[in-house]
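Listed below, chain by chain, are the residues.
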Amino acid sequence: MAQNVSKKDYGGNGKSKYVPYVTKKGHGGSIAILIMGIILAVIFGASTAYSGMKAGLTVAAGIPGSIIGSGLVSLFAKKKGILGKNILQGMSSGGEAIASGMIYVLPAIILIGGHVNFFTGVMVGALAVMFAIGSASLVQNYLIVEEHGRLAYPESMAITEALVASESGGDSLKFLGVGFGIGGLITLFTSQVFGWVNSMITFTGNSFYRWKMSTEVNPMLAGIGFVVGLEVAMTMFAGSILSNFAVVPLVSYFAQMAGSGAHVWNDAALSISQMSVDDVAGSYVKYIGAGMMLCGGIIGAVKLIPVIWTSIKKVLNARNSTTEDKNAFGLIALLASVIAIFIAGFIISGSVVVALLGGVLTLVLSLLFVIVSARLAGTIGCSNEPVSGMTIASLVIMTLAFVLMGWTTKNYTEILLLFGVFIVTTVSVGGGYMQTQKVNYMIGGSNKEMMKYYMIAGFVGVLTVIGTTVLLEPQLRITGSNPPFGLPQANLIATLTSGIMSGDLPWIMIIVGIVMALVFWMLDLPIMTVALGFYLPISTTSIILVGALLKLLINKTTKDKELRDKRVQSGVSLSSGLIAGGSIIGLVGIVFHVTGLLGNSAPSGFLASNAMGLILLAAMAGAIIIPLYMIKKSENQGKAEERE
């Protein structure tokens, strides 16, 4: 058994012959591992769906999954050791990968006025899981084994190191539990559950310069900010500043000059001169943001053309697999899903022509982007993959095909979006699966065993995400300047597909957004990150920034490098707990409200004031930062420094 993960295996040399951590062949699976893995797939699927629809950002589940898995294996399946932990991190990633893709398109069906059918959604999602794993398995040996030492797989290496570190113990599980407690407790107090205290800090200017600044005290979003860091958080917040303090005041200024006969383009009952800040944001500014995201998605897809070409060329030239696990299972899954997608297309549409055209386009685009996604997992990691960009490009192609065929009614738009659900799920699962199999290769697990357990987790994730979406449907229908769920990607896709289909798209605002995105591209700014901030409520991006600033505070005030690294890593674990605790308890709260077990209550008096929100914000920041400052140098570390 190797003692650590060699840095040379991170890529760049192309000559490394890797010896896995576990050199003796074995299996990590068992009934206990399966049950625990299903539970983790549900937890990470539901929490990722909730947080992703709220903020438009998702966090990979591999590291928190490996941390929780380590604790569970120690309690219930100790004999399985690191191979059991490896299976659990894979199943955690499987549930999360479904949510990280599906939430970009599935809620769009609701936003265009449709309804998500549970059984149809499960059928489409399950076929996507089979197709993605089957397609990725075709290139698995080449991308993981033959390219070992060339492709870095940054997130796979981080997960591998977390698993190896768990063998010697650690505080990661403790901090994850602390974060879960903080996130769950604060969420219980606010409107998401009991509604005892105000969590929204809001200031509005209604004079000639009209603006709005708000912050939602949300531990889940603060945790996301700590994980993604200052650069991403600041870039998103810059987009919000541009939207709320430049474009909204400008549109509001000219709107007040309009005569009484001028009405908002999508609301004949509302006079332009009477629009509030929220009306301006909802009816005008958000479409500029949609144009920015559209342009960013297309530019991202165009940038992938060399990657697509390289991937296909290298895959065609790759040698056949000679690994101990033959690919029969993956090929069966691929073949079955290819046949079934046409059957599913006919069931959904009732038309052979729609099923054939939609099925062929869907399979071709999915296969193409699964290969790209699998390769990108090895270069930039799954968390940074432009899944939404690949999905937007695919849906634009399919929407134009539907328009050319004359399929432009709302019913056809729903059918189109279901094909889109298939595509986005395959793209997300393709990258997640390849990232997980790389960890499996590094640890020394069975390829075939991981494939089966990952597929089970994928099916569980589909059930979880579809069920969560159906449950949240009343909240997802709520729109405005500060809706319960931001749904930036789903809103864009709903606006784009239905607008192209009907011809009723506010093109002037879309074009303005595209031009702004092109300017950002010329300035070498990350278009999609800025666009997310522009589109999302500033209450969301500002609390994400708070989380990132807490991480910066740790970095700047901890001078000792080893201690700083330890605090930051523990902060990531704590933040993973914040995300899990805030999203899971928030989801449970919504279940209680929907079923009538809890009534809708709101705070009053001082508890409803901005001052209460500021106190809650300070309390949350203290609860996050104090446990991290309590981490001190280990005794061995201090003695080593004294000897030096």
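Along each chain, numbering runs from 1 in the same order as the chain's sequence is written. Owing to the predicted nature of the model, reporting of local features is limited to residues with pLDDT of at least 70; listing and counting of side-chain atom pairs is limited to 80 or more, with chain, interface and lining totals taken over all residues. Values shown for side chains rest on all heavy atoms present in the structure; no hydrogens or waters enter the calculation.

1. Quick look at unusual backbone geometry
In step 1: Of note in the backbone geometry, Leu487 takes a positive phi value of approximately 45° without being a glycine.
In step 2: A relative accessible area of 2% means that Leu487 is categorised as buried.
In step 3: Within the chain, Asp524 stands out as a residue other than glycine whose phi angle is a positive 65°.
In step 4: Helix numbers and strand numbers start at the N terminus; a helix is a DSSP run of H or I with at least 4 residues, a strand a run of E with at least 2. For Asp524, the position within the fold is in the loop between helix H18 (507-522) and helix H19 (527-535). We call a residue buried when its accessible area falls under 20% of the maximum for its residue type, exposed when it is over 50%, and partly exposed in between, using a 1.4 Å probe and counting protein chains only.

2. Considerations on the environment of Met213
In step 1: Here Met213 shows up in strand S2 (residues 210-216).
In step 2: When the C-alpha positions of Met213 and Ile201 are compared, they lie 8.2 Å apart, and in sequence the two are twelve residues distant.

3. Observations regarding the confidence of the model for the protein
In step 1: Every residue carries a pLDDT, the predictor's confidence in it, which falls somewhere between 0 and 100. Model confidence for the protein is summarised by a mean pLDDT of 84, while 90% of its residues fall at 70 or above.
In step 2: In the model, residues 320-324 has pLDDT below 50 throughout and makes nine contacts with residues more than four positions away in sequence or in other chains. In what follows, a contact means two residues having at least one pair of non-hydrogen atoms within 4.5 Å.

4. Notes on the pattern of salt bridges
In step 1: Salt bridges are defined by distance alone: a side-chain nitrogen of Lys or Arg within 4 Å of a carboxyl oxygen of Asp or Glu. Scanning all chains against the criterion turns up four salt bridges.
In step 2: One salt bridge in this structure joins Glu473 and Arg477, with 2.8 Å as the shortest N-O distance.
In step 3: Residue class for Glu473 comes out buried when judged on its relative accessible area of 9%.
In step 4: Judged by its relative accessible area of 36%, Arg477 falls in the partly exposed class.

5. Some points on the side chain of Ser51
In step 1: With respect to the secondary-structure elements, Ser51 resides in helix H1 (residues 31-55).
In step 2: Accessibility expressed as a relative area gives 3% for Ser51, which makes it buried.
In step 3: Nitrogen and oxygen atoms within 3.5 Å of one another constitute a polar contact, given that in protein one can donate a hydrogen and the other can accept it, and given that sequence-neighbouring residues count only through two side-chain atoms. A polar contact is formed between the side chain of Ser51 and the backbone oxygen of Thr48, at a distance of 3.3 Å.

6. Quick word on helix H13 (residues 352-379)
In step 1: To estimate the expected span of a helix, subtract one from its residue number and multiply by 1.5 Å. Between its terminal C-alpha atoms H13 stretches 40 Å, which fits the 40 Å expected from 28 residues at 1.5 Å a residue.
In step 2: Two or three places before Val353, at the opening of H13, Ser351 has a side-chain oxygen 3.4 Å from that residue's backbone nitrogen.
In step 3: Positioned one or two residues after H13, Gly381 has a phi angle of 85°, which is positive.

7. Let's talk about a nonpolar patch on the surface
In step 1: A contiguous nonpolar surface patch, about 690 Å² in accessible area, is contributed by Leu335, Ile339, Ile343, Phe346, Ile347, Val352 and Leu356.
In step 2: Counting only elements with at least two residues in the nonpolar patch, the list comes to helix H12 (328-349) and H13.
In step 3: The greatest single-element share of the nonpolar patch, amounting to five residues, is contributed by H12.
In step 4: Tracing the sequence through the fold places Ile339 in helix H12.
In step 5: Under the relative-accessibility criterion, Ile339 is labelled partly exposed at 49%. Residues enter a patch when their relative accessible area is above 30% and they make no salt bridge; the linking distance is 9 Å between like charges and 5 Å between nonpolar side chains (Val, Leu, Ile, Met, Phe, Trp, Tyr). Here the accessible surface of atoms and residues is derived via Shrake-Rupley with a 1.4 Å probe, and residues count as covered only by protein chains that are part of the display.

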